[in-house]
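Spelled out from the first residue to the last, the chains are:
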Amino acid sequence: MPRKRLTREESRDQTRERLLDAAAVTIAKKGLAASSVEDIAAHAGYTRGAFYSNFDSKTDLFIELLKRDHEDIQQGLQQILDAGLSKEDMQKQLALFYVQVYCGDTSFVLWAEARLQALRDAKFRARLSALLLEKREVIAYFITQFCAVMKTTPPAPADDLAFGMMALIDGVRFFNACMPKELPDANAEAVLGSIFRATFFD
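Not measured: the values here are computed from a predicted model. (Residues numbered from 1 in each chain as written. Predicted model: local features only at pLDDT ≥ 70, side-chain atom pairs only at ≥ 80, totals over all residues. Heavy atoms only, no water.)

S.K.: Help me understand the domain arrangement of the protein in this model?
M.R.: How big an interface is tends to be stated in terms of accessible area lost as the parts join. The assigned domain composition of the protein is domain 1 (1-55) and domain 2 (59-201). A C-alpha centroid distance of 27 Å is found between domain 1 and domain 2. Across the contact, 15 residues belong to domain 1 and 10 residues belong to domain 2. Taking both sides of the interface into account, the surface hidden between domain 1 and domain 2 amounts to around 1,100 Å²; carbon and sulfur atoms contribute 76%. Of all residues in domain 1, Leu20, Ile27 and Leu32 bury the most surface against domain 2, accounting for 46% of the area lost on that side. (Domains from an automatic or database assignment. Contact = heavy atoms within 4.5 Å. Buried area = accessible area lost by both parts, 1.4 Å probe.)

As structure tokens, then:
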């Protein structure tokens, strides 16, 4: 069967996705500053020209990469919300989704790299702050929606809970990554899971 010929738009989208995938691996391994445009393009199997045909700069690509990760989480939560599950099944699906997100080493490292870059670069900090505020709004929305479905009242304003959950997950994940003997995966997941359930389910 002959292979379907991609349209120009499909080919461009495919190139962008491959560059983003390559950037995720390269930046997670080497850091943003040490990852050159050539490194990312070569890892994706493209040239420097292909990179600049799709992104204005390495920073623009990095922001796009963070947005993609955020959108993946948003879509996953929306699917659970729209599934019409019972309270018990929704709790199970949220817990499973949470563990999957929590265990994503590349995602954690990319956001950690973004925070470090923001401390060094005021322009990048402004862009990341805007993205984090958007992320907070989305998480607050889902906190409100899930609590409504489960007929529970959030113990604090949803925006504050969203920031708290973001900080808590990042902090525990950091200790888990840096001190795995003191805080192994199972313990870290159990601690966060307990707090997560107590906040939104009980």
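S.K.: Even after reading the chapter, I still don't get unusual backbone geometry, so can you show me in this structure?
M.R.: With glycine set apart, most residues show a phi of negative sign, and most peptide bonds adopt trans. The residue lysine 151 is not glycine, and still its phi comes out positive at about 60°. Assignment of secondary structure puts lysine 151 in the loop between helix H7 (122-149) and helix H8 (158-178). (Helix = DSSP H or I, 4+ residues; strand = E, 2+ residues; numbered from the N terminus.)

S.K.: Hey, could you run me through the UniProt feature "domain: HTH tetR-type" (unreviewed entry) in the protein in this one?
M.R.: Here the UniProt-annotated "domain: HTH tetR-type" (unreviewed entry) positions come out as residues 13-73. Secondary structure within residues 13-73 divides into 80% helix and 0% strand; the distance between the first and last C-alpha atoms comes to 20 Å. (UniProt positions renumbered as here; feature names shortened; annotations may be inferred.)

S.K.: So what exactly am I meant to see when it comes to the packing of aromatic side chains here?
M.R.: Remark: the centre distance and the inter-plane angle together describe each pair of aromatic rings, the angle taken between the planes. All chains considered together, the criterion is met by 6 aromatic pairs. Ring centres of phenylalanine 51 and phenylalanine 55 lie 5.8 Å apart, and the angle between their planes is 45°; this geometry places the pair in the tilted category. One exposure class covers both phenylalanine 51 and phenylalanine 55, and it is buried. Between phenylalanine 174 and phenylalanine 175, the aromatic rings sit 5.6 Å apart at their centres with planes inclined by 75°, giving edge-to-face as the arrangement. Under the relative-accessibility criterion, phenylalanine 174 is labelled partly exposed at 44%. Put simply, the rings of Phe51, Tyr52 and Phe55 touch in pairs and so form one group of aromatic residues. (Phe/Tyr/Trp six-rings, centres within 6.5 Å; stacked < 30°, edge-to-face > 60°. Buried < 20%, exposed > 50% of the residue type's maximum accessible area, 1.4 Å probe, protein only.)

S.K.: Please explain the environment of glutamine 117 as it appears in this structure.
M.R.: Turning to its location among the elements, glutamine 117 is positioned in helix H6 (residues 105-120). Each C-alpha atom, one on glutamine 117 and one on glycine 31, is 9.5 Å from the other, the two residues being 86 residues apart in sequence. Excluding residues within four positions of it along the chain, glutamine 117 makes contact with Leu32 and Phe124.

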